[in-house]
Amino acid sequence: MKKVFVVGHNGMVGSAIFRKLKQKKHIELITAEKNKLNLIDQNQVKRFFNRNKIDEVYFCAAKVGGINANNIYPADFIFENLQMELNVINSSFKAGIKKLLFLGTSCAYPKYADQPIKEDQLLKGYLEKTNEPYALAKLSGLKMCESYNRQFKKKYSIDYRSVMPTNIYGPGDNYNLENSHVVPALIRKMHEAKEKNLKQVKVWGTGKAKREFLFVEELADACIFVMNLSKKKFYGLKEQNLHHINIGTGKDLSIKDLVNKIKSIVGFEGKIEFQKDFPDGTPRKVLDISRIEKLGWKSKINLDEGLKKTYENYLDNINNLRNK
């Protein structure tokens, strides 16, 4: 029986991976609630890993948020994410864990990276200022995994991989308007505007920025797929020394088009006012997914289908989601 620890199993991505793994045989899932394991506390994390004989780690925990949250709490974003990464990755190694999957973020790529963004674009330009602290923390986690591989791979046979997901949405998302990402924020705004018969909804930015979106259940599938690839396949591009891989759909759209899709799905009939004084963030961000597609994984759920499922989930859980 393989013991697998899903770090952050209550979060959107972690819960999706947990649900997928629960369906598989010969896996014992290990989880820890926040009130019992503070990932920022080095001693707590060290004791937890030493106490549980874990075989694999899916590192999904992170402090996350949209442009507004990143602007307001930059110190929190860089400190908490760095501390969690240092504790979890190092404790995994010290406890003799051979396999770990770290979830990075596509915002760790340069603001003006060539599009679509290939894995080798990492560190080839400046980051987007609005989420730079978060991106730097995630870059550090990715490079920490890569560094542990370089130093300890031969001696201890460790295999610490990283994935770089595009923008994620779906069940389990955060709908708090102060720190949510664009899809949940728009769903909540549109739904509440419809309920109150409002004539207008305000949206940050010009609507011209372009983004790629992946349904969270597909990310979970892709993470498990990547974790189970043979070393020969995953590290196949030796000339680039890649320890991370992009996960996405390879398709993007403007925020204005996204707004109109959500407006239609929710059934809001009012007008949209784009607040041009607020930042757009990175002008365009779409990942090159040719590497993971060559390895055998491809997105199957289109954006319209995913948004409909997400809105249905929001309606089913609306009271709990609004209070978070």
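No experiment lies behind these values; they were computed from the predicted model shown.

So, about the environment of Ile187. Tracing the chain through its elements places Ile187 in helix H6 (residues 182-195). On the basis of relative accessible area, Ile187 is assigned to the buried category, the value being 2%. Taking the C-alpha atoms as reference points, Ile187 and Leu127, separated by 60 residues in sequence, lie 28 Å from one another. Among residues more than four places away in sequence, those in contact with Ile187 are Tyr175, Ile262, Val266, Thr310, Tyr311 and Tyr314.

Overall, the coordinates contain 15 aromatic pairs when judged by the stated rule. With a centroid separation of 4.9 Å and an interplanar angle of 40°, the aromatic rings of Phe5 and Phe48 are classed as tilted. Within this pair, whereas Phe5 is found in strand E1 (residues 2-7), its partner Phe48 is found in helix H2 (residues 42-51), the two being separated by 43 residues in sequence. Neither residue differs from the other here; Phe5 and Phe48 are each classed as buried. Consider the rings of Tyr311 and Tyr314, whose centres lie 6.4 Å apart with planes at 20°: the pair is stacked. On the criterion of helical spacing, the pair formed by Tyr311 and Tyr314 is a turn pair, its members being three residues apart in helix H11 (residues 303-316). What makes Tyr311 buried here is its relative accessible area of 8%. An aromatic cluster of three or more residues is present, and its members are Phe93, Tyr148, Phe152 and Tyr156.

All right, on to the sheet that holds strand E5 (residues 159-165) then. As summarised here, the arrangement of the six strands in space is E2-E1-E3-E4-E5-E9, forming an open sheet in which the pairing is parallel. With one partner strand each, in any of the chains shown, strand E2 (27-30) and strand E9 (244-247) form the two edges of the open sheet. Going from strand to strand, the sheet's axes swing by 20° on average, the running direction of each strand aside. Alignment of E1 against E2, held across four bridges, turns out to be parallel. If you follow Val4 over to E2, its bridge partner there is Leu29. Against the sheet, helix H4 (residues 74-94) contacts E1, strand E3 (56-59), strand E4 (99-103) and E5, and its axis sits at roughly 170° relative to E3.

Definitions and limits used
Residues numbered from 1 in each chain as written. Predicted model: local features only at pLDDT ≥ 70, side-chain atom pairs only at ≥ 80, totals over all residues. Heavy atoms only, no water. Helix = DSSP H or I, 4+ residues; strand = E, 2+ residues; numbered from the N terminus. Buried < 20%, exposed > 50% of the residue type's maximum accessible area, 1.4 Å probe, protein only. Contact = heavy atoms within 4.5 Å. Phe/Tyr/Trp six-rings, centres within 6.5 Å; stacked < 30°, edge-to-face > 60°. Pairing = 2+ DSSP bridges. Axes fitted to C-alpha atoms, helices over the stretch in contact; angles between N-to-C directions.

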